[in-house]
Amino acid sequence: MTIATEIQVEELRAELRNADAAERRQIEAELEVAQAELAAATAEQEGTFDPAPPF
């Protein structure tokens, strides 16, 4: 899953470079979600993911 997410992040970064102002906000939001998913997947693979709520 992380490979596909890494590819998605790179594709979104490329889209962001070529986006106009109207598209930029949507692509930035999609990129933020993809980066969060990648961080969570990486943490889970490394064993540092804690599924318990922080409170």
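Placed above this text is the structure.
Below, the structure is looked at part by part. Computed from a prediction, not measured in an experiment: that's the story for all the values here.

1. Section: the nonpolar core
Okay, step 1: Formed by Val9, Leu12, Leu16, Ala19, Ile27, Leu31, Ala34 and Leu38, the largest nonpolar core amounts to 8 residues.
Okay, step 2: Mapped by element, the contributors of at least two residues to this core are helix H1 (2-17) and helix H2 (21-46).
Okay, step 3: At 4 residues, the largest contribution of residues to this core is made by H2.
Okay, step 4: What Leu38 contacts, discounting residues up to four positions off in sequence, is Thr2, Thr5, Glu6 and Val9.

2. Focus on the environment of Ala19
Okay, step 1: With respect to the element layout, Ala19 can be found in the loop between H1 and H2.
Okay, step 2: By relative accessible area, which is 14% here, Ala19 ends up buried.
Okay, step 3: Sequence-distant contacts of Ala19, defined by excluding residues within four places in its chain, comprise Arg24 and Ile27.

3. A closer look at H2
Three or four residues apart is the spacing at which side chains of an α-helix point the same way, because the helix has 3.6 residues per turn.
Okay, step 1: With 26 residues, H2 should cover 38 Å at 1.5 Å per step; its first-to-last C-alpha distance of 37 Å lies within 8% of that length.
Okay, step 2: For H2, every residue scored as buried is listed here: Ile27, Leu31, Ala34, Leu38, Ala41 and Ala43.
Okay, step 3: Looking at the buried residues of H2, the elements they touch are H1.
Okay, step 4: Capping of H2 at its N-terminal end is provided by Asp20; its side-chain oxygen lies 3.2 Å from the backbone amide nitrogen of Ala22.
Okay, step 5: Gly47 sits one or two residues past H2 and shows a positive phi near 80°.

Calculation notes
- Per-chain numbering applies: the sequence of each chain, read as written, is numbered from 1 onward.
- In view of the model being predicted, local features appear only for residues whose pLDDT reaches at least 70, and side-chain atom pairs are presented and counted only at 80 or more, with totals across whole chains, interfaces and linings using the full set of residues.
- Excluded from the side-chain calculations are hydrogens and water; all other atoms, namely the structure's heavy atoms, are used.
- In this text, buried Ala, Val, Leu, Ile, Met, Phe, Trp, Tyr and Cys residues form a nonpolar core when linked through side-chain atoms within 4.5 Å.
- Any residue under 20% of the maximum accessible area for its type is buried, any over 50% is exposed, and the rest in between are partly exposed; the area is computed with a 1.4 Å probe on protein chains only.
- Think of it this way: any DSSP run of H or I at least four residues long counts as a helix, any run of E at least two long counts as a strand, and we number them from the N terminus.
- Should any heavy atoms of two residues lie within 4.5 Å, those residues are considered in contact.
- Helix span is expected to be 1.5 Å times the residue number reduced by one.
- A 3.5 Å cut-off defines polar contacts: any pair of N or O atoms within that distance qualifies, except that in protein one atom must be a possible hydrogen donor and the other a possible acceptor, and neighbouring residues in sequence count only when both atoms are side-chain atoms.

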